[in-house]
Amino acid sequence: MTAVDKDSALLQLPDTMEEKIPLHADHSQIVKFDNRNAPGYRSALDKLRQFVQDAPAVVGARFCR
Amino acid sequence: MKAVQANEDDHPTVASLYKATYGILFFATPHKGLLVADMRKMLASQQDHPRHALLEEIDRTSNLLTYQLADFKNLIRDRKIVSFFETQQTRQLEWVRRSGTRLTSSSLANSVGFFNFIFRTLKAKNGVVQETM
């Protein structure tokens, strides 16, 4: 069975606001990466690196308002 | 949700969590619920089990989640969202019996290390659900 189907797992926001990434895994394995080259791990790492780079300016501005 | 609803003067720490959130990664998060039929089946013999109410709340037809999702979308604003979703089928829950001891083999109970251990053992056996321990 599909535990959490695509319709439930996505917020259905425009692609500019929400990046939607399919992973070849079931509901249990989707958070268990086999190794550092696993597609899910690579994607998550790339996103987190991007966040680290971009967040300080955006978050800093929110606290200065 | 709690962070954005918190009053900045009454709960400054909680409120600041919302401002400090730049982005969120979701891994197969059931915003509109998930299939709970197999879990419900396991509670069928216990009508007064305390988890029945929880299953109602996270079921695919949950009204609570529908309202909460609408509220959540309104507070995202410029936060970066990444949604990972599963494309493979998940094994259903079933009772496994051995020597009179009841075990739960589960691919959904991934928050409990003990069940993970059992499930990994099952997976290792070529995906065939066998009795372990």
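As a starting point, this report considers the structure included with it. (Residues numbered from 1 in each chain as written. Chains lettered and ligands numbered in written order. Predicted model: local features only at pLDDT ≥ 70, side-chain atom pairs only at ≥ 80, totals over all residues. Heavy atoms only, no water.)

## Thoughts on the overall build of chain B
Now for step 1: Along chain B, the regular secondary structure elements total six helices and four strands.
Now for step 2: Looking at chain B as a whole, 34% of its 133 residues are labelled buried.
Now for step 3: Taking contacts inside chain B between residues at least 6 apart in sequence as the whole, the part at least 24 apart equals 50%.
Now for step 4: As displayed, chain B has an accessible area near 8,200 Å², and 52% of this comes from carbon and sulfur atoms. (Helix = DSSP H or I, 4+ residues; strand = E, 2+ residues; numbered from the N terminus. Buried < 20%, exposed > 50% of the residue type's maximum accessible area, 1.4 Å probe, protein only. Contact = heavy atoms within 4.5 Å. Areas by Shrake-Rupley, 256 points an atom, 1.4 Å probe, with all protein chains shown as cover.)

## Quick notes on the nonpolar core
Here is a general trend for soluble globular proteins: nonpolar side chains tend to be buried in one another's company.
Now for step 1: Counting twelve residues, the largest nonpolar core is built from Ile 21, Leu 23, Ala 25, Ile 30, Ala 44, Phe 51, Ala 55 and Val 59 of chain A together with Tyr 22, Ala 28, Val 82 and Phe 84 of chain B.
Now for step 2: Looking at this core, the elements that each hand over two or more residues are β1 (18-23) and α2 (39-64) of chain A together with β2 (80-86) of chain B.
Now for step 3: Excluding residues within four positions of it along the chain, Ala 44 of chain A makes contact with Leu 25, Phe 27 and Phe 84 of chain B.
Now for step 4: Tyr 18, Phe 26, Leu 69 and Leu 75 of chain B belong to the second-largest nonpolar core, a separate cluster that totals nine residues. (Core = buried A, V, L, I, M, F, W, Y, C linked by side-chain atoms within 4.5 Å.)

## Here's the deal with the pattern of salt bridges
Now for step 1: Enumeration over the complete set of coordinates arrives at ten salt bridges over all chains.
Now for step 2: Here Lys 47 of chain A and Glu 19 of chain A are joined by a salt bridge, their closest N and O atoms 2.9 Å apart. Residue Lys 47 of chain A is located in helix α2, and its partner Glu 19 of chain A is located in strand β1; the two are separated by 28 residues in the primary sequence.
Now for step 3: Residue classification places Glu 19 of chain A among the partly exposed positions, given a relative accessible area of 36%.
Now for step 4: In this structure, Arg 40 of chain B and Asp 59 of chain B form a salt bridge, with 3.9 Å as the shortest nitrogen-oxygen distance. Residue Arg 40 of chain B is located in helix α3 (residues 37-43), and its partner Asp 59 of chain B is located in the loop between α4 (52-58) and α5 (63-76); the two are separated by 19 residues in the primary sequence.
Now for step 5: Owing to a relative accessible area of 29%, Arg 40 of chain B belongs among the partly exposed residues under this scheme.
Now for step 6: Several salt bridges converge on common partners, so that one network encompasses Asp 5 and Asp 7 of chain A together with Lys 32 and Arg 60 of chain B. (Salt bridge = Lys/Arg side-chain N within 4 Å of Asp/Glu carboxyl O.)

## So, the sheet that holds β1 of chain A
Now for step 1: The parallel open sheet is built from three strands, whose spatial order is β1(A)-β2(B)-β1(B). On the outer flanks of this sheet lie β1 of chain A together with β1 (23-27) of chain B, each paired with one strand and no other. Mean inter-strand twist for the sheet, computed between neighbouring axes without regard to direction, equals 15 degrees.
Now for step 2: As paired strands, β1 of chain A and β2 of chain B are joined by six bridges and run parallel to one another. Note that in β2 of chain B the partner of Glu 19 of chain A across the bridge is Val 82 of chain B.
Now for step 3: α2 of chain A rests against β1 of chain A together with β1 and β2 of chain B of the sheet, and its axis sits at about 170 degrees to β1 of chain B. (Pairing = 2+ DSSP bridges. Axes fitted to C-alpha atoms, helices over the stretch in contact; angles between N-to-C directions.)

## Thoughts on the interface of chain A and chain B
Now for step 1: Tallying the contact residues gives 42 residues for chain A and 46 residues for chain B.
Now for step 2: Here chain A and chain B share an interface that buries about 4,200 Å² over both sides, 61% of which is from carbon and sulfur atoms.
Now for step 3: Of all residues in chain A, the largest losses of buried area upon contact with chain B belong to Met 1, Leu 11 and Arg 62 of chain A, amounting jointly to 20% of the total for that side.
Now for step 4: If you look at where chain A meets chain B, you find four salt bridges.
Now for step 5: Here Asp 5 of chain A ties to Arg 60 of chain B by a salt bridge, and the two come within 2.7 Å at their closest N and O atoms.
Now for step 6: If you tally residues by element for the side of chain A that touches chain B, the top one is α2 of chain A, at twelve residues. (Buried area = accessible area lost by both parts, 1.4 Å probe.)

## Here's the deal with the side chain of His 31 of chain B
Now for step 1: With respect to the helices and strands, the residue His 31 of chain B is situated in the loop between β1 and α3.
Now for step 2: On the accessibility criterion, His 31 of chain B (9% relative accessible area) is buried.

## Let's talk about the packing of α2 of chain A against helix α2 (residues 12-20) of chain B
Now for step 1: The contact between α2 of chain A and α2 of chain B brings their axes to 9 Å, and the two run at 135 degrees. As far as their axial angle goes, α2 of chain B and α2 of chain A are oblique. Together, Val 59, Arg 62 and Phe 63 of chain A of α2 of chain A and Ser 16, Tyr 18, Lys 19 and Ala 20 of chain B of α2 of chain B make up the contact between the two elements.
Now for step 2: Partitioning the contact of α2 of chain A with α2 of chain B into residue classes produces four nonpolar, one polar and two charged. (Parallel < 35°, antiparallel > 145°, perpendicular 65-115°, else oblique. Nonpolar A, V, L, I, M, F, W, Y, C, P; charged D, E, K, R; others polar.)

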